[in-house]
Amino acid sequence: MRPAFLSRLVNGPLFDPVVYVRILNERKSVLFDCGHFQGLAPRHLLSLEAVCISHTHMDHFMGMDRVLRTILHRDEPLAVYGPEGITEKTLSKLKSYTWNLSSGYALEITIHEIFANSVMTTRARADAGFDAISGQTVPRTGTRIADCPRYTLEAAVLDHTIPCLGYVLKEPFHINILKGAVRENGYIPGPWLGDLKALIYAGRLDEPVRVATESGVRGVSVSRLREELVTVTPGQSLAFVTDIAFTPANLEALKGLAQGVDTLFIEAYYLDELEAHAGARGHLTARQAGAIARELGAKRVFPMHVSPRYHDRLDEIYAEMGVNQGGTPAGA
Ligand SMILES: [Zn+2]
Ligand SMILES: [Zn+2]
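To keep things clear, this report deals only with the structure shown in the data block. Because the structure is a prediction, the values reported are computed rather than measured. (Residues numbered from 1 in each chain as written. Chains lettered and ligands numbered in written order. Predicted model: local features only at pLDDT ≥ 70, side-chain atom pairs only at ≥ 80, totals over all residues.)

**Description of the sheet that holds strand β11 (residues 163-170)**
- Pairing is mixed in the open sheet, where 6 strands are placed in the order β9-β10-β11-β16-β17-β18. Each end of this open sheet is capped by a strand with a single partner; those strands are β9 (144-147) and β18 (300-304). If you compare each strand with its neighbour and ignore which way they point, the axes differ by 20° on average. (Pairing = 2+ DSSP bridges. Helix = DSSP H or I, 4+ residues; strand = E, 2+ residues; numbered from the N terminus. Axes fitted to C-alpha atoms, helices over the stretch in contact; angles between N-to-C directions.)

What follows is the structure, given as structure tokens:
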């Protein structure tokens, strides 16, 4: 199956956990946490549609300045998701700069503050000096926090001695093009197949697609092409879980969020030898991270946010988690 998302653990397993996800066939991307990071070019940040913050400890939030600096002149809005307090923290960051020359800028930032049972949304525009445009609070049930044609975002409030969000990015469904059927129906493969997928994801089934055929280009409806060329299978999913205590309540919440997830990025801050220390600071050990991954049935698992003290003992981190460096759980 062709992947729907291309994910990258920007800093590798050590240091601040930053996961960049490109939505394939779209000029869009999503960033999970932004502490200190290198290795993302301006073009990567310019395609960001959403930044999902787990919590605002400095190692998860300081890179927000760099994101803002890079996208400041663009027209497309940015969505910021985060836990209780994210509105005030984001606005404080924005208000720490002077904006007297920004009246021609079109950037708008929409901040979504995620509580257990509600979401508060606040907008701030560059051309108004990022003054908060008072938002609205709507109740939420379940884990869904955003619906886009190519992905949905889900979140659960977890405990890290403070509220901390775990996230799942999901493809709503996966579109498979039957290559043999393309030729059998007299079509010639080309970029129009990407257009077809985009229109199916957007639910625009009555529209024509300009299809290359043996006898030239002609318009064929999305619904007909879907019938002839497409099978639909369950969508792919990716979870980002960091800075949480190993508690029954967190495990229950994660089961409701990320059961059976395809790819799991999870913190493994300490080795088991510092379990008490991890517990006191609301962090996971590698052994605990591995136990959570098995409980969720995650198909691929990657440790992140490993304490730099283990820079020469990463093999022990993987061994305690029970996964190899390619993300495959032992015995899978
Ligand atoms: Zn933290
Ligand atoms: Zn941290």
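**A word on the sheet that holds strand β3 (residues 28-32)**
- Spatially, the 8 strands line up as an open sheet ordered β1-β2-β3-β4-β5-β6-β7-β8, and their pairing is mixed. The two strands at the open ends of the sheet, each matched to only one other strand, are β1 (5-9) and β8 (132-139). Averaged over all pairs of adjacent strands, the angle between strand axes in this sheet comes to 15°, irrespective of strand direction.
- Looking at chain direction, β1 and strand β2 (residues 19-23) are connected through 5 bridges and run antiparallel. Paired with Ser-7 across the bridge in β2 is Val-21.

**Examining the pairing of β3**
- Within β3, 4 of the 5 residues are buried, leaving the element largely enclosed by the surrounding structure.
- The pairing of β2 with β3 spans 5 bridges and is classified as antiparallel. By the bridge assignment for β3, Tyr-20 is matched with Leu-31.
- What sits between β2 and β3 in their antiparallel hairpin is a turn of 4 residues, with Asn-25 showing a positive phi close to 65°.
- With 4 bridges joining them, β3 and strand β4 (residues 48-52) adopt parallel strand pairing. Residue pairing in the sheet places Ser-29 in a bridge with Leu-48 of β4. (Buried ≥ 20, exposed ≤ 12 C-beta atoms within 10 Å, placed from the backbone.)

**Focus: the pairing of strand β16 (residues 237-241)**
- Here β16 lies mainly inside the structure; 5 of its 5 residues are buried.
- Side chains of β16 alternate between two faces, with Ser-237, Ala-239 and Val-241 and Leu-238 and Phe-240 buried alike.
- In this structure, β11 lies alongside β16, joined through 4 bridges in antiparallel fashion. Looking at the pairing, Leu-169 lines up with Leu-238 of β16.
- Pairing analysis gives 4 bridges linking β16 to strand β17 (residues 263-267), with the strands arranged parallel. Counterpart to Phe-240 in the pairing with β17 is Phe-265.
- What joins β16 to β17 is helix α8 (residues 248-258), and the crossover it makes is right-handed. (Right-handed = clockwise from strand over helix to strand, strands pointing away.)

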